[in-house]
Structures are given as structure tokens and as C-alpha cells.
Amino acid sequence: MYRQVLISTEDTDYQRILWRQDSKDKIQHLRLLRLTFGTASAPFLAIRTLHQIAHDEGDRFPIAREITLSDFYMDDLMTGSQNISEGKEIYYQMKQLLAKGGFDLQKWKSNNSELMKHMREGKEEGEENLELKTDIVMKILGLTWSREVDEFVYTVKLPPLKIPVTKRSVISHISMLFDPLGWLAPVIIKAKILIQKLWLCGINWDEELPSILLTEWCTYRSELEQLVQYRIPRWLRTYRGDTLELHGFSDASNQAYAAVVYIRVVNQQDDVYSRLVTAKTKVAPIKQVSIPRLELCGAVLVSKLLCEVAEVLNIDKTKIYARTDSTVVLAWLSKHPSNWKTFVANRVSEILTVMDIGEPLVLVPEFNFEQSNLTSLKRWQLTQRMLQDFWRRWSKEYLTQFMNRYKWAYQNPEPAIGDVVLVIEDDLPPARWLYGIITQKHPGLDGITRVVTLKCKGSQIKRPVSKLCILPVSN
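Residues numbered from 1 in each chain as written. Predicted model: local features only at pLDDT ≥ 70, side-chain atom pairs only at ≥ 80, totals over all residues. Heavy atoms only, no water.

So, on to the overall build of the protein chain. Along its length, the protein chain carries 11 helices and 17 strands. Per-residue burial for the protein chain yields a buried fraction of 32% across its 475 residues. Long-range contacts, defined as pairs at least 24 residues apart, comprise 58% of the intrachain contacts of the protein chain with a sequence gap of at least 6. Carbon and sulfur atoms form 54% of the exposed surface of the protein chain, whose accessible area is close to 31100 Å². (Helix = DSSP H or I, 4+ residues; strand = E, 2+ residues; numbered from the N terminus. Buried < 20%, exposed > 50% of the residue type's maximum accessible area, 1.4 Å probe, protein only. Contact = heavy atoms within 4.5 Å. Areas by Shrake-Rupley, 256 points an atom, 1.4 Å probe, with all protein chains shown as cover.)

With that out of the way, let us pick up the pairing of strand β14 (residues 434-443). As paired strands, strand β13 (residues 420-423) and β14 are joined by four bridges and run antiparallel to one another. Among the inter-strand pairings, L422 is bridged to a residue of β14, identified as Y435. Where β14 and strand β15 (residues 449-456) come together, six bridges link them in antiparallel fashion. Its bridge partner lying in β15, I437 is registered against K455. In textbook terms, the turn of a hairpin is the stretch between consecutive antiparallel strands, and for β14 and β15 this stretch comprises five residues, one of which, G447, has a positive phi near 85 degrees. (Pairing = 2+ DSSP bridges.)

Among all positions in helix α2 (residues 62-70), only A64, I67 and T68 are buried. All buried residues of α2 project into a common sector of 100 degrees when viewed along the axis, lining one side. (Arc of directions from axis to C-beta.)

Moving on: a nonpolar patch on the surface. Where nonpolar side chains cluster on the molecular surface, the patch consists of I17, W19 and L30 and spans about 250 Å² of accessible area. With respect to the helices, strands and loops of the structure, L30 is situated in strand β2 (residues 28-31). (Patch = residues over 30% accessible without salt bridge, like charges linked within 9 Å, V, L, I, M, F, W, Y side chains within 5 Å. Salt bridge = Lys/Arg side-chain N within 4 Å of Asp/Glu carboxyl O.)

Within the secondary structure, R34 is located in the loop between β2 and α1 (42-57). On a C-alpha basis, the gap between R34 and Q4 in space is 7.1 Å, while along the polypeptide they are 30 residues apart. Leave out the neighbours within four places in its chain, and R34 touches R3, Q4, V5, L6, I7 and Q15. Among the polar contacts made by the side chain of R34, one reaches the main-chain carbonyl oxygen of R3 at a distance of 2.8 Å. (Polar contact = N/O pair within 3.5 Å; in protein donor to acceptor, adjacent residues only side chain to side chain.)

Here we take up the sheet that holds β14. Strand order in the open sheet made by the five strands is β16-β15-β14-β13-β17, with antiparallel pairing throughout. Single-partner strands in this sheet number two, and they are β16 (459-464) and β17 (468-470). Direction aside, the axes of adjacent strands within the sheet are offset by 45 degrees on average. Across six bridges, the pairing between β15 and β16 is antiparallel. Counterpart to V452 in the pairing with β16 is R463. (Axes fitted to C-alpha atoms, helices over the stretch in contact; angles between N-to-C directions.)

With that settled, the discussion passes to the pattern of salt bridges. The final tally for this structure, using the stated rule, is 17 salt bridges. In this structure, R16 engages D13 in a salt bridge whose closest nitrogen and oxygen atoms are separated by 2.8 Å. Residue classification places R16 among the partly exposed residues on the basis of a relative accessible area of 43%. If you follow the salt bridges from partner to partner, you end up with D13, R16 and R31 in one network.

Before going further, it helps to spend a moment on the sheet that holds strand β10 (residues 256-266). The strand order across the open sheet built from four strands is β11-β10-β9-β12, with neighbouring strands paired in mixed fashion. Across the chains shown, the open sheet's two edge strands, defined by having one partner strand only, are β11 (272-283) and β12 (320-324). Between one strand and the next, the sheet's axes are offset by a mean angle of 20 degrees, whatever the strand orientation. Here 10 bridges tie strand β9 (residues 243-252) to β10, and the two strands are oriented antiparallel to one another. Across the sheet, residue G248 finds its bridge partner in β10, namely V261. Here helix α6 (residues 185-201) sits on the sheet in contact with β10 and β11, set at roughly 5 degrees to β11.

Let us now look at the side chain of K95. Tracing the sequence through the fold places K95 in helix α3 (residues 84-99). With relative accessibility at 19%, the residue K95 sits in the buried group.

The share of residues in the protein chain with pLDDT of 70 or more is 88%, and the mean pLDDT across the chain is 85. The least confident element of the protein chain, judged by mean pLDDT, is strand β5 (residues 130-132) at 62; the most confident is β10 at 96. Note that residues 406-410 has pLDDT below 50 and, in this model, three contacts with residues that lie over four places away or in other chains. (pLDDT = per-residue confidence, 0-100.)

This is the structure we're talking about:
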């Protein structure tokens, strides 16, 4: 792709090279006339050239024009269609439009066999999966699209561990971890934290790692191989006409803070799907910062991430939601930035510029199970399970509050006549325990009541106080 872009004549002086075929030959002074790999401006200029073609020739190819302006990732075109006929039209228009600039698109891939057969046009191309990359540098952790199952998978290519392990080699290997959309954010953040630890320990570039950091790096390195089992669906399950929402979440610890964005899709049949879109992490500063302030930094991060994703996916601002579990951050956001000190005020202002602040979420919206595809047996089993879980927690967590054993310093509360109690029966389920009212107490020689008489439904019984739970009754 780069070699199809011609450099302006006045800029070729910046691409001068010295060349000779043999050491005995005279040195030639040359200027490169085309875009060259490795220069800092090359990726921008290549994409800018594609955009210029879209602006100049896009009137005759409207579909290809929009795709060229939005769906290129470096020199890879990644787009899609709702049906096969639309996919064929995209293929035709893209070929015609980019041919105007001398670009011939190759290595077409699709998850649909019919469309794939149409795009090959008699060409013999391999069945390999598409590897996504930003440069020609080999990556330890690479991202690949498996078109057969339409999923993104990760490939791990670990080079041999060279002894001694130095700070230079560790940072070099960490830089080869490729995760452009943050789908492996929980994994990558550990590597970022390790880099911070390497700087804090004060070792030189070619000095061997301390034993603690060496063990941590070797463990992390060996666990990377398990990422080959991790798969991400490519399709977000979106159709034209579906309702799309973005939901972002942020959190922080004393080591890092992070943000993640999910898309919530409600189709025309009211089916709901959610998919991970992207995530981003940052290491906490070396200087000690309080957790609420790091939570605020996470809130800034998620607000920026939501706006970026909403712009790419063309989702309205009213359909994006950001959430944090920090009540301190919510309190900061509820007032004007001028009420706070500089650190908090700047970040609150940044969030309020791009986001609207709503009410705190105190209840999770309930799903309408009446429209779920549950059989009668499955529904009954779920009901019984919830009932059993309720009684188990109620008897172990709630009732025990009224059966506290007061020893040494405190005395067990004395039951009173008229108290409403629940009689514990070990051989009966909680739903069948008896209710009763204390009508008579039977104190011992020491004056402490250990047995009482209860009036229950249809009878009077005696029970030890240890088998009773006195229930709170409001007046």
C-alpha cells in the first residue's frame, strides 16, 4: 500500500539514502520518491491518501466512500453487510473506487462461503485466518480473526527465555503484547504494573531482575499461553432499526484504574443482547493518591471512552450510560466544579462537559420472566430453588440476630410475656415452623427463665428459650 503513494517533489529531500551494490562500487546518492515504511508520517499519509480518493471519486460510489472514510484500520479494510447482495455491492464499489488511486485490494476474507466464492473470482487464495497488526514487528501476543467461527482469537508466540533476564528484555517483550481494543485489559494491566515496579526498584537496563520480580515475570509469561482459549465474538448482534445503548463502568484500586464499555442491543423482537466493546486501563501514579481520587480518574476515563465509541458506532448521546460504585465521586459530580480543589475540579469539569449526570442506580432493573422461554418444569424448579435459598439465608443470617449468645460480660435478654416468637424445629423446614405468643415463664432457682409456655394455633406447648426466636413487633 505504501509504495502506491507518491511523495511530493519538495519533500523527497527528506528521504535521501546512500547506496551501492558492492563495496568496490561508487556510492550513489538517491532520493526515495514513494512513501516508505518506518517513517513516522507514513501511516497517516497512507490513510490520508485513501480519504482523498474517497472525497475526489466518492460521488459515483457512495457506499464505498463512507466505508473508506471510516472502516480502514491501517492498510486493512474491515467492514460488513446485512446480507449477501449488499456484500457483493460493497466488494464491487470498493474495487472500483480504490482502483482510481492505483490501489488493488487483495486477500479478501469473509465468514460467508457464498460471498467468499464471489470475491475470489477464480483467484487461488489460502484459507488462513486474518491476522490484525499495525506494523511488521513480530508480536508475542497477536490478534487474529477466525472467519470459520466468526470470532477473534489470540495467538501467543513466546520467544525462548534468555538468561539473565534484564529490565531491557522484559520491557521489550511487554511492548510486543498486542491488544488494541483492551479485550485483555485484566492481563495487560499486570504487565504495566510490572514495568512500574521495575522502575521503582532502581536497577539498570542490563541488570538482572531481583528474585521477586523475576518470579513474577516468569509466572506471568507462562500464563500468557492460556490466552489462546479466549475468544471474542466479532458480531455485536446489531441490525438496522435495533435500539443500541452503551454502558460504561469504571473502578479503581491503589495500583490501577480501568474503564470498560459494553453495548446493549434490543432488537425488534424485544430480545436483549450485550457484548463487550472495549476497555482501557491505566497504572496509578507513583505518588500516593487516595482511592476516591483514583475512582474519579476512572470516571474520566470511562466518559472519554464512551464518547469515542459512541462517535464510531453513531450512537446518540442520550443512549450512553456511565456507572461508578464510588459514592464520593457521585457527590463530587453532583455539585459545580468551583466547589472543589483543583485536582477534583478539573476532572469533574471534564466529565460534566461530555456527560449528563443522572440519579444514582439503587436497584437493578428486573427482567420480565413472563416472556421468557421457560418450561413449566424449569419454572417450578427455579421457584423452589429461590424459596429454599430464601429460607436458608433467612434462618442463618436473619434469625441468628435474635439468638446471640451473651457470655461473660453480657446476660441473655429475658423473654417477656406477650412476646411473639418463632419455634425452631430441627426436623421441619422453616416454612412449617410454628408461631406463638409467650403466656407463662418458668424461671429456675437462680431467677433465669429457661422454659416458657407458648400459645400456638390450637394448642399450648412448652419450649426451651434456646429454641425460640423473639420476633420484632412494631407498635
